[in-house]
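# Observations on the model geometry
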Amino acid sequence: MSETDDRVTKALVRFDRVMAVVDEKQGPVAAQARAERQRTIKRYGKAGRNAALGLLAISLGAIVVGLVTPIGLFGFLAAVLLAVAIAGLLFVWGVREEPVTAVRTDLPNGEMVQRFGSYLYQSRRALPAPAQEVVDQISGNLGTLKQTLERTNPMDPDAQDARRLMSLHLPGLIDRYAKVPAAYRSETDAEGKTIDQRLVEGLTATRTALGELSERLAKRDVDAFSTQGRFIESKYGQAD
């Protein structure tokens, strides 16, 4: 019986691994990965455009100088080398991107949600599997949150709560977890809970809070639409 149980356990572990790969390819992780790739493509495109503009500017400058005074072969070569060097620097500087280790508190609402999604995507692999599941659930709901927050004043109380969760509380939780040595994460505290369990609870609370804030913000749009519709109907609707 123990040998059978062992085979079943191993089969379940393999199944969990397969499903984790499937989730990463089809679920919120895949969506976030696509968003990260799109941002990378845009960054490279912008860097290439700036490099081309720099190359063009130096070339035009060399032509103008050459029209005023002869620069000779060495001057021409120097201008070419300078143009290539500046274009290369602009491109390298443009494509470089620092890892998202925090979410800045001064970002506009929509950009903060986007940055928060990048932070979650880059942080999730360092977390235990149960915590990754909650992170993926949070990531899966960011699209709706971004739509509602983009139309909301940053000083709105609900927007302020969402911003604090994304820029301070959740990154602070993950950062503190990362500082705990791995050997101590399985030890229980006075309430019988491990560091990993506390992490999952904190992430779950964040997911719930962000979900409720997103729902309240969306409900305002629904109510505003209904109010406008009733007003138009009452003012311009034809009587039966």
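In what follows, the accompanying structure is described.

About the cut-offs
Residues numbered from 1 in each chain as written. Predicted model: local features only at pLDDT ≥ 70, side-chain atom pairs only at ≥ 80, totals over all residues. Heavy atoms only, no water. Helix = DSSP H or I, 4+ residues; strand = E, 2+ residues; numbered from the N terminus. Expected span 1.5 Å × (residues − 1). Bend = angle between axes of the 7 residues up to and from the residue. Buried < 20%, exposed > 50% of the residue type's maximum accessible area, 1.4 Å probe, protein only. Contact = heavy atoms within 4.5 Å. Polar contact = N/O pair within 3.5 Å; in protein donor to acceptor, adjacent residues only side chain to side chain. Phe/Tyr/Trp six-rings, centres within 6.5 Å; stacked < 30°, edge-to-face > 60°. Lys NZ or Arg CZ within 6 Å of the ring centre and 35° of its normal. Axes fitted to C-alpha atoms, helices over the stretch in contact; angles between N-to-C directions. Parallel < 35°, antiparallel > 145°, perpendicular 65-115°, else oblique. Left-handed = near helix turned anticlockwise from the far one by under 90°. Nonpolar A, V, L, I, M, F, W, Y, C, P; charged D, E, K, R; others polar. Patch = residues over 30% accessible without salt bridge, like charges linked within 9 Å, V, L, I, M, F, W, Y side chains within 5 Å. Areas by Shrake-Rupley, 256 points an atom, 1.4 Å probe, with all protein chains shown as cover. Salt bridge = Lys/Arg side-chain N within 4 Å of Asp/Glu carboxyl O.

This part is about helix 7 (residues 157-179). Helix length check: helix 7 (23 residues) gives 32 Å between terminal C-alpha atoms against 33 Å at 1.5 Å per residue, within 8%. The sharpest bend along helix 7 comes to roughly 45°, located at Leu165. For helix 7, the set of buried residues is Asp158, Ala159, Ala162, Arg163, Leu165, Met166, Ser167, Leu170, Pro171, Ile174 and Tyr177. In the core, the buried residues of helix 7 are packed alongside helix 4 (109-123), helix 5 (129-140), helix 6 (142-150) and helix 8 (195-236). Here helix 7 starts with a cap whose side-chain oxygen sits 2.9 Å from the backbone nitrogen of Asp158, and that cap is Asp156.

Position of Gly140 relative to the elements: it lies in helix 5. Distance in space between the C-alpha atoms of Gly140 and Gly117 is 9.4 Å, their sequence separation being 23 residues.

The tally for this structure, following the rule as stated, stands at zero aromatic pairs. Sitting over the face of the ring of Tyr236, Lys235 holds its NZ or CZ atom 5.8 Å from the ring centroid.

As for its position among the elements, Asn109 is in helix 4. On the basis of relative accessible area, Asn109 is assigned to the buried category, the value being 5%. A polar contact is formed between the side chain of Asn109 and the side chain of Arg163, at a distance of 2.9 Å.

With their axes 10 Å apart at the nearest point, helix 7 and helix 8 run at an angle of 165° to one another. By the angle between their axes, helix 7 is roughly antiparallel relative to helix 8. Regarding helix 7 and helix 8, the two cross each other, and that crossing is left-handed. Contacts from Asp158, Asp161, Ala162, Leu165, Met166, Leu170, Leu173, Ile174 and Tyr177 of helix 7 reach helix 8 at Ile195, Asp196, Leu199, Gly202, Leu203, Thr206, Ala209, Leu210, Leu213, Arg216, Leu217 and Arg220. Residue classes in the contact of helix 7 with helix 8 are distributed as 14 nonpolar, two polar and five charged.

This brings us to a nonpolar patch on the surface. A surface patch of nonpolar side chains, amounting to about 740 Å² of accessible area, comprises Leu53, Leu56, Leu60, Ile63, Val64, Leu67 and Val68. By secondary structure assignment, the location of Ile63 is in helix 2 (residues 28-68).

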